[in-house]
Amino acid sequence: MSANSGEPGPTTKGGEPTAEIPQTTESTAEIPETGEPATEHLSEDERAELERLRAERAGSHGGGAARRSRRRFSWRAFFATILIVLGCVLAPIAVVGVWAGNQITDTGRYVATVEPLINDPAIQNVLTDRITNEIINQLNVTGTVDQAAAQLQSRGLTRISTLLTTFGPQITSAVTGFVHSTVHTVISSQAMANAWVQVNTVAHQAVVKLLSGQGNGTLTNTNGQITLNLAPLIAVVKQALEQRGFALASHIPIVNATVPLFQAKELGKAQAGYRLVSDLKIVLPILALVLLAAGVFTARGRRRALIVVGLGVAASMVVLAIGLLIARTIYLNSVPSSVLPTDAAAAAYDALVHFLRQGLRVVLAVGLVIAIGAFITGPSRAAVRTRAALGSGIAWLRNLGARRGVSTGPVGEWTYRHRTWLRIGAVTLIALILVFWGQPTALTIILLVVILLILLGLIELVASPPAEPAAVGQE
């Protein structure tokens, strides 16, 4: 009962009285900012005591803030950052190392690199001009015409000798045109393409010799240039000329002519670098993966670290791609047009780095897939909404099938009980396919990811929880 009122105090639902709640006055109302009572009704001592308590409370809060500020620097986060940065820096080096090692040790990869060159019009024109010049120089058509004119003159056939001398340049030009046309036809034929593959398959050992510094191969280092020996190709052209009835072709000797392909002013350093990279072509990728995995494991927020790893690796591949573009520009500007036309030099460079570009695209795609996967499975609002939307879509399809009498039955219940292992199995299967694919492209990665998403979606769609028993009503 209230001391100032005759009204009964508050009661519970059962009618029993409860303890009376004292009414607060305006002087004891809480201050919204601090949640503490006002001090107008307190005595001097009580105010002093309250101020002391407030000071202690403020001190404890300040100490906690200081401790929190000290805890902001984490050695664990520091080491995780260092490991991830090192792994991302090493990733493009590992890609270059694998590419260089494959070019040196894998004959099939080397042949696949140089095979498109023989089908490139710019390279065909260069080879046609060089082989034609070598053949004409060896035939010495002008000298042969002059010699024939001199013999006719000595036999008293002055008029014929004069005509032959007069039309000598035209005869030389006609022979040169015939040889050039024949050479171009042979160079652009499928027979030459097959011969090109065969020659380069054998010449792969010469590449190994060149990069190891041994030399004496089909590809050689001559005056700071990587040159290709044309003797095997000239032999093919000589045979074709003889088959076309050009009798003078039988007089063409064995020619060791060469055509420059690449500038190699720093070949010594390149050889040392290639040898080192070829030795480390397995170690470098493993080391990069170990550093990145250690960085994720060390980090406090591993999912966030995994996102950073994926994006960091993708960014490093973009940097490598930009570096290749810059190197291409530098290379094309460094090759004189008199040595190799710009279009032919561009074709040679693009063929050389084709598989390197393909490799960095694959790693770029893998990095983005990892980052997207880690983000989608995270707790962010966008990720949660995405998963909810996917779950709603799958549930809608399942309910639609149920309304039409389609049920997975025991298979669905079994899939529901083993759905975790089925997910692991699907991911493992796609990973094994990726590992044993050999040389996947970025498109291959995307297709495999799409297949994995379809498999995971089918698992969720087929999985059906067992029916719950009917609830027993309580008496």
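Everything numeric in this text was worked out from a predicted model, so none of it was measured.

Novice: Hey, could you run me through the overall build of the chain in this one?
Specialist: Across its full length, the chain holds 18 helices and 3 strands. Going through the 475 residues of the chain one by one, you find that 31% of them count as buried. Long-range contacts, defined here as pairs at least 24 residues apart, represent 73% of the contacts in the chain between residues at least 6 apart. About 29,400 Å² of surface is accessible on the chain, with carbon and sulfur atoms providing 63% of the total.

Novice: Help me understand the packing of aromatic side chains, please; the structure alone is not making it clear to me.
Specialist: For any pair of aromatic rings, the description consists of the separation of the ring centres together with the inter-plane angle of the planes. Applying the stated criterion to the full structure yields 4 aromatic pairs. One aromatic cluster is present, formed by Trp75, Phe78 and Phe79 through successive ring pairs. The aromatic ring of Phe355 is capped on one face by Arg109, whose charged end is 3.9 Å from the ring centroid. Residue placement shows Arg419 over the ring face of Tyr416; its charged tip is 4.1 Å from the ring centre.

Novice: I tried to follow the pattern of salt bridges on my own but got confused; where do I start?
Specialist: Pairing is possible between side chains of opposite charge, provided their charged atoms come close. Counted under the stated rule, the structure contains 3 salt bridges. With a closest N to O distance of 2.9 Å, Arg328 and Asp350 form a salt bridge. Here the residue Arg328 occupies a position in helix α12 (residues 302-334), and Asp350 occupies one in helix α13 (residues 342-352), the gap between them amounting to 22 residues. Given a relative accessible area of 24%, Arg328 falls into the partly exposed group. By relative accessible area, which is 25% here, Asp350 ends up partly exposed. Residue Asp350 pairs with Arg357 through a salt bridge whose shortest N-O separation is 3.5 Å.

Novice: Explain the environment of Leu163 here, please?
Specialist: Inspection of the secondary structure puts Leu163 in helix α6 (residues 158-166). Classification of Leu163 by relative accessible area gives partly exposed; the value is 45%.

Novice: Is there a simple way to explain a nonpolar patch on the surface in this structure?
Specialist: A contiguous nonpolar patch, built from Trp75, Phe78, Phe79, Ile82 and Leu86 and spanning about 520 Å² of accessible area, is present on the exposed surface. Position of Ile82 relative to the elements: it lies in helix α2 (residues 75-105).

Novice: Would you explain the nonpolar core in this entry?
Specialist: Considering soluble globular proteins, one finds that nonpolar side chains tend to be buried as a cluster. In terms of nonpolar packing, the biggest core is built from 49 residues, with Ile135, Val237 and Tyr331 touching the most fellow members. Ranked by residues supplied to this core, first place goes to helix α4 (residues 121-139) with 8 residues. Counting residues in hydrophobic clusters, the runner-up holds 9 residues, among them Cys88, Leu292, Ala299 and Val309.

Novice: Just checking my understanding: could you explain the environment of Ala293 for this structure?
Specialist: Tracing the backbone shows Ala293 in helix α11 (residues 283-298). You can call Ala293 partly exposed: its relative accessible area is 47%. C-alpha of Ala293 to C-alpha of Gly87: the two residues are 206 residues apart in sequence and 8.8 Å apart in space.

Novice: Would you take a moment to explain the environment of Pro410 for this structure?
Specialist: Mapped onto the elements of the fold, Pro410 is located in helix α16 (residues 409-417). Its relative accessible area of 68% is what places Pro410 among the exposed residues. As a C-alpha pair, Pro410 and Pro465 span 55 residues in sequence and 10.0 Å in three-dimensional space.

Rules used throughout
- Residues numbered from 1 in each chain as written.
- Predicted model: local features only at pLDDT ≥ 70, side-chain atom pairs only at ≥ 80, totals over all residues.
- Heavy atoms only, no water.
- Helix = DSSP H or I, 4+ residues; strand = E, 2+ residues; numbered from the N terminus.
- Buried < 20%, exposed > 50% of the residue type's maximum accessible area, 1.4 Å probe, protein only.
- Contact = heavy atoms within 4.5 Å.
- Areas by Shrake-Rupley, 256 points an atom, 1.4 Å probe, with all protein chains shown as cover.
- Phe/Tyr/Trp six-rings, centres within 6.5 Å; stacked < 30°, edge-to-face > 60°.
- Lys NZ or Arg CZ within 6 Å of the ring centre and 35° of its normal.
- Salt bridge = Lys/Arg side-chain N within 4 Å of Asp/Glu carboxyl O.
- Patch = residues over 30% accessible without salt bridge, like charges linked within 9 Å, V, L, I, M, F, W, Y side chains within 5 Å.
- Core = buried A, V, L, I, M, F, W, Y, C linked by side-chain atoms within 4.5 Å.

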